[in-house]
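# Overview (structure and organization)
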Amino acid sequence: MAARNVAMREAIRRALREEMHRDENVFVMGEEVAYWQGTHRVTRGFLEEFGERRVRDTPISEMAIGGVAVGAAMAGLRPVAEFMTINFAFLALDAIANHAAKVRYFFDGMFKVPLVYRAASGWGNQATASHSHAPEPIFAHFPGLYVGCPSNSMDAYGMLKASIRDDNPVLFTESIALYPKPSPMPEDLDEDYLIPIGKGDIKRAGGDVTLVAYARGVDWALQAARELEREGVEAEVVDLRWLRPLDMDLVYKSFKKTNRCVIVEESLPMYSFGSEIAALLQEHMFDYMDAPIKRVAAEDVPLPYSKDIELLALPDAQKVVNAVKEIV
């Protein structure tokens, strides 16, 4: 099957466009998604193709975006609501956590909430502390809300399609650093290609240590694995892809083989995704554990503006390599 490299931004655009053609109930809403063609250019050309009824610019009010999306979904539509960056999603937390995530439970299934919140996520690029977050674990805290975090173009395509077709609310986060990054996609990919919600993936096989990651963390883990291979250490890279539901069976299977684990995440270390994975491994896999669980995350500080200091505060492949060497 012939394949070509496609930027993750293009894969997301393709998935969204195909789903809008497939189902007229799917529509896009958010700040600058129409006439400005999307802050990150994901919705470029959508206004001309689908018109104002299905590509709707909104006021600068994330609470309104989050709440209107819930109402539209309850009424039978399938909104894809874009937050310019995930930093602004905090303003819509009531709509996301108290309404989208709970409506189906409140009404005993009488109402469904088939919506997707898209949000660009991630640290870096000197966006300063208030615009540099990777808070996906915060949203994964709430039952009733799925959280997807793709690490490459193919996954972004299949995961977004599955999210749009599902009858439950999904927070779909897209790493800003990965938007322009190309990765292979088959040229004749089936438009019904879906990645099941809650299904992780082994991105690289190995027998010496398990690297568990998601989104941009997978990139650092794969870079580290290639470096470790030169030193005779074979790392297995587990890409969870979804923070809720969490595919711990995949992690357990890998850990039983390697008996060692390093968790890699772009987010902050306190009360984090890494904390949860480490706790579950200790609770369920203690008899297989040959070394302490290590975590690689951002430094526990607001991200500095200075470029050099900013990079020091962020995870990278070398930090993953150093963590592995401590336990192998």
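Residues numbered from 1 in each chain as written. Predicted model: local features only at pLDDT ≥ 70, side-chain atom pairs only at ≥ 80, totals over all residues. Heavy atoms only, no water.

## Remarks on the overall build of the protein
For the record, the criterion: The secondary structure listing takes helices from DSSP runs of H or I that are at least 4 residues long and strands from runs of E that are at least 2 residues long, numbered from the N terminus. As defined in this context, the radius of gyration uses C-alpha atoms, and a globule is described by 2.2 Å times the residue total to the power 0.38. Exposure is judged per residue with a 1.4 Å probe applied to protein chains only, and the accessible area is read against the type maximum: over 50% gives exposed, under 20% gives buried, and values in between give partly exposed. By definition, residues are in contact when any of their heavy atoms lie within 4.5 Å.
Of the regular secondary structure elements, the protein holds twelve helices and 14 strands. The globule rule puts the C-alpha radius of gyration for 328 residues at 20 Å, and the 20 Å found for the protein is close to it. Dimensions of the protein, computed from the C-alpha atoms along their principal axes, are close to 55 × 45 × 45 Å. Looking at the protein as a whole, 55% of its 328 residues are labelled buried. Taking the contacts inside the protein whose residues are at least 6 apart along the sequence as the reference set, 80% of them involve residues at least 24 apart.

## What to know about the pattern of salt bridges
How we decide: The term salt bridge refers to a pairing of a side-chain nitrogen on Lys or Arg with a carboxyl oxygen on Asp or Glu at a separation within 4 Å.
According to the stated counting rule, one finds 27 salt bridges in the structure shown. Here Arg 216 and Glu 266 are joined by a salt bridge, their closest N and O atoms 3.3 Å apart. Of this pair, Arg 216 sits in helix α8 (residues 216-229) while Glu 266 sits in the loop between β13 (261-264) and α10 (273-284), and the two are 50 residues apart along the sequence. Take Arg 216 and Glu 266: they sit in the same class, and that class is buried. The residue Glu 310 makes a salt bridge to Lys 307 at a minimum N-O spacing of 3.4 Å. You can see Glu 310 and its partner Lys 307 sitting in helix α11 (residues 307-313), three residues apart, about one turn around the helix. Residue Glu 310 is classed as buried on the basis of its relative accessible area, which comes to 0%. For Lys 307, a relative accessible area of 34% corresponds to the partly exposed category.

## Topic: a nonpolar patch on the surface
Filter applied, for reference: The patches described consist of residues with a relative accessible area above 30% and no salt bridge, like charges being joined within 9 Å and nonpolar side chains (Val, Leu, Ile, Met, Phe, Trp, Tyr) within 5 Å. Here the open area of atoms and residues is found with the Shrake-Rupley method and a 1.4 Å probe, where only the protein chains shown may cover a residue.
On the surface, a nonpolar cluster with roughly 620 Å² of combined accessible area is contributed by Tyr 105, Phe 106, Phe 107, Met 110 and Phe 111. Mapped onto the fold, Met 110 is located in the loop between α5 (103-106) and β5 (116-121).

## Overview of the state of the cysteines
Here is the rule we go by: Throughout, a disulfide means two cysteine sulfur atoms within 2.5 Å of one another.
Tallied over the full model, the rule gives zero disulfides. There is no disulfide at Cys 149, and the cysteine sulfur nearest it, in Cys 261, is 17 Å away.

## Re the sheet that holds strand β10 (residues 209-213)
Rule in force here: Pairing between two strands requires that DSSP report at least two bridges joining them. Lines fitted to C-alpha atoms define the axes here, with helix axes fitted over just the stretch in contact, and angles between the N-to-C directions of these axes take values from 0 to 180 degrees.
Read from one edge to the other, the open sheet built from five strands follows the order β9-β11-β10-β13-β14, with strand pairing classed as mixed. Of all strands in the sheet, those with a lone pairing partner are β9 (201-204) and β14 (294-296), marking the two edges. Taken over all neighbouring pairs, the strand axes of this sheet differ in orientation by 25° on average, direction set aside. Docked against the sheet, helix α12 (residues 317-327) engages β10, β13 and β14, running at close to 175° with respect to β14.

## Details of the packing of aromatic side chains
Applicable threshold: A pair of Phe, Tyr and Trp rings is counted when the ring centres sit within 6.5 Å of each other, with Trp represented by its six-membered ring. The angle between the planes then sorts it: under 30 degrees is stacked, over 60 is edge-to-face, the rest tilted.
A complete count under the given rule lists six aromatic pairs for this structure. On the basis of an interplanar angle of 20° and a centroid distance of 5.4 Å, the ring pair of Phe 83 and Tyr 117 is categorised as stacked. Highlighted residues: Phe 83 in strand β4 (residues 78-83) and Tyr 117 in strand β5, separated in sequence by 34 residues. Comparing Phe 83 with Tyr 117, the two get one shared label, buried. Measuring from centroid to centroid gives 6.2 Å for Phe 90 and Phe 139, while their planes differ by 10°, and the two rings are stacked. Taken together, the residues span a long stretch of sequence, with Phe 90 in the loop between β4 and α4 (93-100) and Phe 139 in helix α6 (residues 136-140) at a distance of 49 residues. Look at Phe 90 and you get partly exposed, because its relative accessible area is 31%. Classification of Phe 139 by relative accessible area gives buried; the value is 0%.

## Quick word on the sheet that holds strand β3 (residues 55-57)
Spatially, the seven strands line up as an open sheet ordered β3-β2-β4-β5-β7-β6-β12, and their pairing is mixed. Sheet topology places β3 and β12 (242-244) at the edges, where each strand pairs with a single neighbour. Between one strand axis and the next, the sheet turns through 20° on average, direction left out of account. Pairing between strand β6 (residues 146-148) and β12: two bridges, direction antiparallel. Bridge pairing links Val 147 to Arg 244 in β12. Helix α7 (residues 153-165) rests against β2 (26-30), β4, β5, β6, β7 (170-175) and β12 of the sheet, and its axis sits at about 160° to β7.

## Digging into the layout of surface pockets
Rules: A pocket, in this scheme, is an open set of points on a 1 Å grid over the protein atoms alone with protein on both sides within 12 Å along at least 5 of 7 lines, while a cavity is a set where a 1.4 Å probe fits but cannot get out; residues line either one if an atom lies within 4 Å of a point. Grid points are joined across faces, edges and corners, and a volume is the space filled by probe spheres set on the points. Under the grouping applied here, Gly and all other residues not named as nonpolar or charged are polar, the nonpolar ones being Ala, Val, Leu, Ile, Met, Phe, Trp, Tyr, Cys and Pro and the charged ones Asp, Glu, Lys and Arg.
As a volume, the largest pocket reaches approximately 260 Å³. At the level of elements, α6, β12 and α10 are the ones that each hand at least two residues to the lining of the largest pocket. Counting residues per element, the lining of the largest pocket draws most heavily on α10, which supplies three residues. Of the residues that constitute the lining of the largest pocket, the class distribution is six nonpolar, three polar and two charged. Lining the second largest pocket, in full, are Phe 90, Trp 123, His 133, Ala 134, Pro 135, Pro 137, Ile 138, Ser 267, Leu 268, Met 270, Tyr 271 and Ser 272. Here the residues of the lining of the second largest pocket sort into nine nonpolar, three polar and no charged.

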